[in-house]
Amino acid sequence: MSTLLQELHGELRRLYIAGSDLAADDFRLKKLEPKLGALGERAPVFKRIAEGTAALVDSAEPFERAARLQDVSTLLNSVLATQGRTAAEGTVQDIRTDLAIPSYGLPDLTTDHSSRELGEVRQALSSSGSGRYEVVLSAYERGLFDDLRMLPMAVHALGDSYSEIADLAVNKIVPGYGTAIAAYLLKDLDIQGGREHERRLQVVKQVGVNPDDRVSLNKLILAAEEGGAKIVPAAVACLGTDPECEQRLLDWSHDAKKTVRESAYFALSVLDSEAARDRLYEALTGKDAGIASEAIQFSISQTLAESLVKLYEEKLQDRAEKKVNSIKDLHPLLTALGKVRHPLLERLYMELSQDLSAYPVLQRLDKRESGWIIGAAADYFVRSNTIEALEPIERMAKASPTLLVHYAVPLARRVLSPAEVYERYSGSESGKTRMSGDLLFMVFRQALYNRVGVNDPRRPQAEIEADWDPRWLDWAIDHDRLSVVAGLARLGNDRLLPYLKQAIRNHASPTIENDRYTVLEAVRNVPFDGETRFELLMQLLESRDWNRPPTTAYGEFAIVGEVSRVPVPQIGEAVRRIEAIMAGIERTDYKRRLQDTAEKLRTRQAAAQAESGK
Amino acid sequence: MLELTASYIDSLAPNAAAVKNGRGLVQKNKFVKLNVSEEGDLLFGECSGSGKSNYICSVDFVNKENPVSRCNCPSRQFPCKHALGLMYAYADGLTFEQAALPEDISSKRDKAEKREETKAKRESGDLPPAKPKKVNKTALKKKIAQQLEALDELEKIVLSLVRGGLGTANARTVKDLNDHAKRLGSSYLTGAENELRRLALLLEQDDRESGYTYAAEQLTLLNAFIKKGRAYLQAKQEDPELAPDSESTIEEWLGHAWQLAELKEAGRVSENVELLQLAFYTYRDEARKEFVDTGFWLQLGESTVHRTVQYRPFKAVKYMKEEDSFFSVAQISELYRYPGGLNARVRFEGMIPRQVNDADYGGIHAAAAASIPDAVKEVKNQLKDPLADRAPVVLLKAARIAQTENGTFALVDEAGNTLELGDVYRLPQSTTTLLSLVDPSLLENCAVLAMFEHQMDTGKLVAQPLTLIQGERIARLLY
């Protein structure tokens, strides 16, 4: 019965598409009529349907036919709505107890975020336009992606057209769901897919595949064997967790495509079987050394590392054969061992720091190249984060002093107190390790200012005061380093103000134009009293030689701007002094700028007076 | 003592940005003054802005169901970020100094009280009603005549579309339909206007095959509407005194927006009701040119699932409060019920939130229909009326949720009956696939809130799961 009605519905739908004008004497409807008539005997409503259909086919007037079609359809739809099938097909007959839902074993995801919270992110991920990245990032930081309903959106974000969002999804959001997400990502993987599916595999590579999950592993093998150009290497890289893939991986490591070999090396380093290690050792000493070392640097096993350290030591000590003549021969080893922590490597670097001359290779390489090896050793010690590690670095610094700037001081600042850092490096009587003024200058340039471009803003005052011993300020004054003095400036040093005042008048200094800006930064950030701040600011303005041709010193804009914001009671004095400067200027552009500033100040003064008058 | 939770304050906010800005004010310490009245029912304070003088804002809880926010900032949103910030500051436990009630607030309170009094007196009959509602009979007759005429025209355009066939529909047809829809709107048939525009949208759809199926269904719906509407309007034309039909949805189809007073007059008010929201979603209705915020609420102690609907016209989105998911129980003194089927629309003016307790969870499970065939019967009974809501929502009890060999999800009841689960066309997003992501223990002995839809092309009545409830765990698959 219901199949007949469903068939009728199909025919009526056809007429809706083709137009009821074509319904006259429609033979397919006519064919249904006898059956409908028979059905009509069973219930009045069916009878009405049968009659309606007959009227539709037989009516002569086109508009009436349309009306008939509408009427019989309305009636039929009502009847069909009461006959909808609801039972799930396949389980109606017998409900087997094992029809459980395959669970991915995801962490218990919440659903207690509100529509508005999630709606914003959903909107950001399903549209295009600016400002979306910030929304997604902030959602990630607030943990919104721990919500069950966000998971499909997170996976969807892997294919986002804005690559920064996609990268965020690959590196942070999706791996955040843990290993369980791998099965979910692989289930719908399109092995001929594009960038989104490649990114899925990149996530799988990060989170790893459960070695017992054959379904996922087989999908990966399929993708690696038959996938598209981008999919194959991405899939190969994920197969390291499957011991059964050993032979396949070894074969792929000989593939003609570089990207496939690279992925195979990574997977082999995860697999870490004996054959895998042998193959990697072979690759690292052969033509593929470069790409193999890049591929395995984050996943290298201790066992493989051990054999590589031995090889490394051998090469460094290569005295007789003189095979190692360029850093190129050592570069793959440096890369492969770059993240390794191993007792053998520690011993090697310790011995190296004690006597660099014992390693003939270091003598044969030029200074820049040997610097890489020494740098690698220093880096190893820095990563140990202990006080003990300072000594070997300082020893090596005798040969290349910049190690102190880049490795020793940053490490010391992490493991020692500010006072201890001062005592160690300032060159005071008790200090063991002296640093030259120039080296310390490099240290401070990096530590006191955030690098942003032409004028680097000073780090926050509280941070500077907490991080640096106050005695450094005296040191900087003694060494006449204006930018360091300004950077370290803090209250409580009597020599500071006289020095600053004198230094900013010193036109002879070659860096004075830039240093003026650093002094301005100090004036802005150090909590001087109002009088001092005003005086310093005015002197900064006055000390500039306004008749000199323009330079690229943007600091001057900032100084003029700052002056126009001086507190109301000091406006009178500021205007008087600006006018005094103007009297001596010939250049009209500068004159005008100062004139503007004076105007601005007067306006503010007038406004303030009006306010107080009220 | 006033008790405020952050989530309650969130629910008062007009939109997510206001929440963020309000919190920002507290974090940035922008409040220069924080006061609470001696009775503890008024928060007031001053908040510094970019200008010289501070904004003076207050939130009045004298009527707990309907806190009133006031502020002298120029924002058109209520509550503004300053009032929200004031409440967040209170919820965060910042110190509020006790102070006397400001004069302007107390005078405003007096005025409001007076208004209430007069209103109460009018209702009790102590005072004559404000203005006896006069029905301008000639105007009404004219309006009905215009509506009838518009119905005739609608019938004409529908029939000519049926004659020509959907297959011949092109951009021109779509434009004509939209133009015609506009005319319907100006002839007081806004309900028909929306449905005709919906038809036009279906014809524009990329997936033409499914578009045809739904367009054909939409045409029959318009047919049913024309017939019923005409009969109803003709009856009204003969007797203009006839009160609006408060039992069926025909008034709404014709474009009538029920006033709360009308509903009250028709006796469609329940008193002291507790509602618990089980699902919520917001979608863009292009046909209505409005955002629609829909909530499904269980009336505690009963088994009815009500629906709240808020329409936010695209043009007014900035100034209207966006409704949101609500996780507490809403205690409502007067619940206005619209005419409708299984999930008739409800409205309430104010409510007091309270935490969900064990008894409430028990109530959910008690309200769930134990037998699939019984629930389906009720659903089908509604669906056979072409003008009834096409997507009824029912709370069902599930012994478990399982999957068939071909991957289809199914709900299985105590007696072993199955119900196929799948995504319905009328919801903006898919939820069924999420079932494989929830904690599997949730899928046994649970209650499921599901939306039904009859799919004409397959002849299936499919249910889409919206929310799973097990014990005290609620997993909202929608929002």
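Residues numbered from 1 in each chain as written. Chains lettered and ligands numbered in written order. Predicted model: local features only at pLDDT ≥ 70, side-chain atom pairs only at ≥ 80, totals over all residues.

**Student:** For this particular structure, what's the right way to read the overall build of chain A?
**Tutor:** A tally of regular secondary structure across chain A gives 34 helices and zero strands. Its C-alpha atoms give chain A a radius of gyration of 39 Å, more than 25% over the compact-globule value 25 Å for 614 residues. Along the three orthogonal principal directions, the C-alpha set of chain A runs to about 115 × 90 × 40 Å. Taken over 614 residues, chain A has a buried fraction of 38%. Long-range pairs, those at least 24 residues apart, make up 64% of the contacts in chain A with a sequence separation of at least 6. (Helix = DSSP H or I, 4+ residues; strand = E, 2+ residues; numbered from the N terminus. Rg over C-alpha atoms; globule rule 2.2 N^0.38 Å. Buried ≥ 20, exposed ≤ 12 C-beta atoms within 10 Å, placed from the backbone. Contact = placed C-beta atoms within 7 Å.)

**Student:** Sorry, what's going on with the overall build of chain B here?
**Tutor:** For chain B, the helix and strand inventory stands at 12 helices and 17 strands. Expected size for 479 residues packed as a compact globule is a radius of gyration near 23 Å; at 25 Å, chain B falls within 12% of this value. Taking all 479 residues of chain B together, 40% fall into the buried category. In chain B, of all internal contacts separated by at least 6 residues, the share reaching a separation of at least 24 is 61%.

**Student:** Would you take a moment to explain the interface of chain B and chain A for this structure?
**Tutor:** Much of the literature gives interface size as the accessible area that the parts lose upon coming together. Counting residues at the interface gives 61 residues for chain B, matched by 55 residues for chain A. Broken down by element, the side of chain B that touches chain A gets its largest block of residues, eight residues, from helix α8 (residues 208-238) of chain B.

**Student:** What's the story with unusual backbone geometry in this structure? I'm lost.
**Tutor:** Excluding glycine, residues mostly carry a negative phi; peptide bonds, for their part, are mostly trans. In the segment running from Phe 78 of chain B into Pro 79 of chain B, the intervening peptide bond is cis, with an omega of -10°. Within the secondary structure layout, Pro 79 of chain B lies in the loop between β4 (68-71) and α3 (81-91). Positive phi values are uncommon outside glycine, yet Asp 480 of chain A reaches one of about 50°. Counting through the fold element by element, Asp 480 of chain A comes out in the loop between α27 (471-478) and α28 (482-488). Judged by the 14 C-beta atoms lying within 10 Å of it, Asp 480 of chain A is partly exposed. Phi is positive for Asn 272 of chain B, close to 50°, though the residue is something other than glycine. Position of Asn 272 of chain B relative to the elements: it lies in strand β6 (residues 269-285).

**Student:** Looking at this structure, how should I read helix α3 (residues 44-58) of chain A?
**Tutor:** Residue pairs spaced three or four apart in an α-helix point in one direction, given the helix's 3.6 residues per turn. All names here are of chain A. Here α3 is 15 residues long and its end C-alpha atoms lie 21 Å apart, about the 21 Å a rise of 1.5 Å per residue gives. When α3 is considered as a whole, its buried residues turn out to be Phe 46, Ile 49, Ala 50, Gly 52, Thr 53 and Leu 56. Seen from one end, α3 has its buried residues packed into an arc of 160°, which puts them on one side. As for α3, its buried residues are in contact with α1 (2-18), α2 (27-40) and α4 (62-81). (Expected span 1.5 Å × (residues − 1). Arc of directions from axis to C-beta.)

**Student:** Just to check I follow, could you spell out the environment of Gln 470 of chain B for this structure?
**Tutor:** Residues and elements named next belong to chain B. Among the structural elements, Gln 470 can be located in strand β16 (residues 460-470). Residue Gln 470 is classed as buried on the basis of its C-beta count, with 21 C-beta atoms lying within 10 Å. Measuring from C-alpha to C-alpha, the distance between Gln 470 and Tyr 361 comes to 8.5 Å, with 109 residues separating the pair along the chain. If we ignore the near neighbours within four places in the chain, the residues touching Gln 470 are Leu 442, Asn 445 and Cys 446.

**Student:** Would you mind showing me how to read α3 of chain B here?
**Tutor:** Residues and elements named next belong to chain B. Most of α3 is tucked away, with 10 of its 11 residues classed as buried. Listed as buried for α3 are Lys 81, His 82, Ala 83, Leu 84, Gly 85, Leu 86, Met 87, Tyr 88, Ala 89 and Tyr 90. In the segment just after α3, Gly 93 is the residue with positive phi, at about 85°.

**Student:** Explanation requested: the nonpolar core in the structure shown.
**Tutor:** Proteins that are soluble and globular tend to have nonpolar side chains buried together. Counting residues in hydrophobic clusters, the biggest one holds 264 residues, and the most contacted among them are Val 485 of chain A together with Leu 396 of chain B. Here the element with the most residues in this core is α8 of chain B; it accounts for nine residues. Counting residues domain by domain, this core receives three or more from each of domain 1 (2-98) and domain 2 (300-415) of chain A. With residues near it in sequence (within four places) discarded, Val 485 of chain A still touches Leu 473, Ala 476, Ile 477, Tyr 499 and Leu 500 of chain A. If you look at the next biggest cluster of nonpolar residues, it comprises 25 residues, including Ala 13, Leu 42, Cys 47 and Leu 86 of chain B. (Core = buried A, V, L, I, M, F, W, Y, C linked by C-beta atoms within 7 Å. Domains from an automatic or database assignment.)

**Student:** Explanation requested: the sheet that holds strand β5 (residues 97-99) of chain B in the structure shown.
**Tutor:** Note: strands within a sheet are paired through backbone hydrogen bonds, in either parallel or antiparallel orientation. All names here are of chain B. In space, the five strands of this open sheet follow the order β4-β3-β2-β1-β5, with mixed pairing throughout. Strands at the two margins of the open sheet, each flanked by one partner only, are β4 and β5. Taking each pair of neighbouring strands and ignoring which way they run, the sheet shows an average axis angle of 25°. Note: strand β3 (residues 55-60) against β4, four bridges, orientation antiparallel. (Pairing = 2+ DSSP bridges. Axes fitted to C-alpha atoms, helices over the stretch in contact; angles between N-to-C directions.)

**Student:** Help me understand the domain arrangement of chain A in this model?
**Tutor:** If you check the domain split of chain A, you get domain 1 (2-98) and domain 2 (300-415). Centre-to-centre separation of domain 1 of chain A and domain 2 of chain A, based on C-alpha positions: 85 Å.

**Student:** I would appreciate a short explanation of the pairing of strand β13 (residues 409-412) of chain B in the present structure.
**Tutor:** A regular strand carries its side chains on alternate faces of the sheet. All names here are of chain B. Alternating residues of β13 divide into Phe 409 and Leu 411 and Ala 410 and Val 412, and every residue in both groups is buried. The sheet contact formed by strand β12 (residues 393-403) and β13 spans four bridges and is antiparallel. Within β13, the residue paired with Gln 403 across the bridge is Phe 409. Between β12 and β13, which follow one another and run antiparallel, lie five residues, and Gly 407 among them has a positive phi close to 90°. Taken together, the four bridges between β13 and strand β14 (residues 418-421) define a ladder with antiparallel strand orientation. By the bridge assignment for β14, Leu 411 is matched with Leu 419. The hairpin turn running from β13 into β14, its antiparallel successor, is five residues long, and Gly 416 in that turn takes a positive phi close to 95°.

**Student:** It is not clear to me how the packing of helix α2 (residues 16-27) of chain B against α3 of chain B should be interpreted in this structure. Could you clarify?
**Tutor:** Pairs of packed helices are described in terms of their axes, by the angle between the two and the distance that separates them. All names here are of chain B. Two elements in contact, α2 and α3, have axes whose closest approach is 8 Å; the angle formed by their N-to-C orientations is 60°. Classed by the angle they form, the pair α2 and α3 counts as oblique. Along this stretch, α2 crosses α3, giving a crossing that reads as right-handed. Packed against α2, whose contacting residues are Ala 18, Val 19, Asn 21, Gly 22, Arg 23, Leu 25 and Val 26, the element α3 presents Lys 81, His 82, Leu 84, Gly 85, Tyr 88 and Ala 89 at the interface. (Parallel < 35°, antiparallel > 145°, perpendicular 65-115°, else oblique. Left-handed = near helix turned anticlockwise from the far one by under 90°.)

**Student:** I would appreciate a short explanation of the pairing of strand β2 (residues 42-47) of chain B in the present structure.
**Tutor:** Residue and element names in this part refer to chain B. The element β2 is largely enclosed, with a buried count of five among its six residues. Inspection of the sheet shows strand β1 (residues 31-37) paired to β2 by five bridges, in the antiparallel sense. Looking at β2, one finds that Phe 31 is bridged to Cys 47. Connecting β1 to the next strand, β2, in antiparallel fashion are four residues, including Gly 40 with a positive phi near 75°. Note: β2 against β3, six bridges, orientation antiparallel. The residue bridging Phe 44 from the neighbouring strand is Ser 58, located in β3.

**Student:** Before we go on, may I ask you to explain the packing of helix α17 (residues 302-316) of chain A against helix α19 (residues 343-354) of chain A in this structure?
**Tutor:** Residues and elements named next belong to chain A. Put simply, α17 and α19 touch, their axes get as near as 9 Å, and they point 20° apart. Of the possible angle classes, the one that applies to α17 and α19 is roughly parallel. As for how α17 packs across α19, the hand of that crossing is left-handed. Residues Glu 306, Val 309 and Glu 313 of α17 lie in contact with α19, whose contacting residues are Leu 344, Leu 345 and Leu 348. The residue inventory of the contact of α17 with α19, partitioned by class, reads four nonpolar, no polar and two charged. (Nonpolar A, V, L, I, M, F, W, Y, C, P; charged D, E, K, R; others polar.)

**Student:** Explain the environment of Glu 11 of chain A to me, please; I cannot follow it from the model alone.
**Tutor:** All names here are of chain A. Looking at the element boundaries, Glu 11 is found in helix α1. On the neighbour-count criterion, Glu 11 (16 C-beta atoms within 10 Å) is partly exposed. Separated by 18 residues in the primary sequence, Glu 11 and Leu 29 have C-alpha atoms spaced 7.1 Å apart. With residues up to four places along the chain from it excluded, the contact list for Glu 11 reads Arg 28, Leu 29 and Leu 32.

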